[in-house]
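Take a look at the letters that make up each chain.
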Amino acid sequence: MFINRIRISGFRNIKPCVFSPSKGINLFTGENSQGKSSFLEAVSFIANGRSFRTSRDEDMINYDAEAAVVEAEICQSDKFVRIKAVVARKPNGVIKNISLEGKTVKALSEFVGKISNSIYSRDDINVAIGSPAARRYFIDRLLSFSDPLYLQSLKRYEHAMKQKNQALKSAHLNEDLLDILNLQMSEYASEIQLARTKAVSILSEKAEKLYNRLFETEIHMSARYAPSVHSSATDKNILKNEIALAFKKAAGYEKARKLSLLGPHRDDFLIYINNRPVKFYASQGQQKITSLIFRLAESIIIKESTNTSPIIFMDDCYSELDDMRRIKLTEYLAEQGQTFIASGEKTDERLIASKYQIKNGEIIDEFNPDRISKK
């Protein structure tokens, strides 16, 4: 899978442009605040329908533009797919529209997983040291790409949980409704917990092998799933019954707190190096490398589960790495298919397919200037 052609206009400080990225490594360089991360954001936006830098869609619109528009032609399974993403200012607020082959995507959840990709950003440090929510989002994103049914179970669980929380906050609690919702949640929770447990185990294995390959250091890296309902069950029906029983036992606490206290929305997974938690014992450099390795491990799993090389986006991936590790990382990425890197750090450019200099939001192809159009 690769992006064949992309058009950008009205996006942050980026000057309108059309360019055809290479199938290998595309490197965006430039001084700070010139727009290299914005270019990466725009390109990844077309693959995900959301920004990796902000939760506010309006932040992507240039201050003097009415809309941020990104259009792309993507080669997928030997077929070209046209995608257009627009974030526009309207009198009643900001509206986002994504269209696939000219047809509007009604909900972002329908678009998730359509374009296999993996994104590394500065915020990925939270996978190593952040809140459980950051790690849940990481594993949910991975499973949404690798398991088509997972996102459906997650959405159903979250819908039932929302109803349950509303019921718990009601002045007149409906016990029968609560029982029904707990049964529904235990059904979906068992599917989610089993999928996450398996995914974390595979992720752990891939990450350890990749770490030792890239950095030629024999360390033991592992990740362990930590569910709020502890169980060793691998059978869905057994786990469903155990979760239902846990919900029943927690009923008194949940009624007092008026909140769902158990389930996948409270789960976590922990990362260890040599059996010591990365969150508490690793240096800042180790934490950065760990989060980078787990993102690369994610791309391996996506590739194996979809039989498609995902597009890889990497923002500031070279910082905290010495020269030798930067070379090793570049060598690895050159083998993975289409990759976009935004970095102000120097690296060995022998394996770089295309290099773009970004200055004041304007993109210049250093290897082939004629490939950039301003139309």
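Our structure's up above, just so we're on the same page.
Here's what I pulled together on the structure shown here. (Residues numbered from 1 in each chain as written. Predicted model: local features only at pLDDT ≥ 70, side-chain atom pairs only at ≥ 80, totals over all residues. Heavy atoms only, no water.)

Another point: the packing of aromatic side chains. Throughout the structure, instances matching the rule amount to 10 aromatic pairs. Between Phe313 and Phe340, the aromatic rings sit 5.5 Å apart at their centres with planes inclined by 20°, giving stacked as the arrangement. Of the two residues, Phe313 is situated in strand β12 (residues 311–315) and Phe340 in strand β13 (residues 339–342); the sequence distance between them amounts to 27 residues. Both residues of the pair, Phe313 and Phe340, belong to the buried class. Three or more aromatic residues joined by ring pairs form one cluster here, namely Phe19, Phe28, Phe39, Phe313, Phe340 and Tyr356. Positioned above the aromatic ring of Tyr281 is the side chain of Arg276, whose terminal nitrogen or guanidinium carbon lies 4.1 Å from the ring centre. (Phe/Tyr/Trp six-rings, centres within 6.5 Å; stacked < 30°, edge-to-face > 60°. Helix = DSSP H or I, 4+ residues; strand = E, 2+ residues; numbered from the N terminus. Buried < 20%, exposed > 50% of the residue type's maximum accessible area, 1.4 Å probe, protein only. Lys NZ or Arg CZ within 6 Å of the ring centre and 35° of its normal.)

Moving on: the environment of Phe28. Following the sequence through the fold, Phe28 ends up in strand β3 (residues 25–29). Separated by 10 residues in sequence, Phe28 and Ser38 place their C-alpha atoms 10.0 Å apart. In this view, Phe28 contacts Phe19, Lys36, Phe39, Phe340, Ile341, Ala342, Ser343, Tyr356, Ile358 and Ile363; residues no more than four positions away in its chain are not counted. (Contact = heavy atoms within 4.5 Å.)

One finds Phe269, Ile293, Phe294, Leu296, Met314, Leu329 and Leu333 to be the most contacted residues of the largest nonpolar core, which totals 64 residues. In terms of residue count, the dominant contributor to this core is helix α6 (residues 175–215) (13 residues). Beyond its immediate stretch of four places on either side in the chain, Met314 contacts Leu40, Tyr120, Leu292, Leu296, Leu333, Thr339, Phe340, Ile341 and Ala342. Counting 41 residues, the second-largest nonpolar core is a separate cluster that includes Val81, Ala85, Val105 and Tyr356. (Core = buried A, V, L, I, M, F, W, Y, C linked by side-chain atoms within 4.5 Å.)

This part takes up the packing of helix α10 (residues 284–306) against helix α11 (residues 323–334). Helices that pack against each other are described as a pair by the angle of their axes relative to one another and the distance between those axes. Two numbers describe how α10 lies on α11: the axes approach to 13 Å, and their chain directions differ by 10°. Here α10 lies roughly parallel to α11, going by the angle between them. In this structure, α10 contributes Ile289, Leu292, Leu296 and Ile300 to the contact, and α11 contributes Arg325, Leu329, Tyr332 and Leu333. Of the residues that constitute the contact of α10 with α11, the class distribution is seven nonpolar, no polar and one charged. (Axes fitted to C-alpha atoms, helices over the stretch in contact; angles between N-to-C directions. Parallel < 35°, antiparallel > 145°, perpendicular 65-115°, else oblique. Nonpolar A, V, L, I, M, F, W, Y, C, P; charged D, E, K, R; others polar.)

Purely geometric numbers; function is a separate question.
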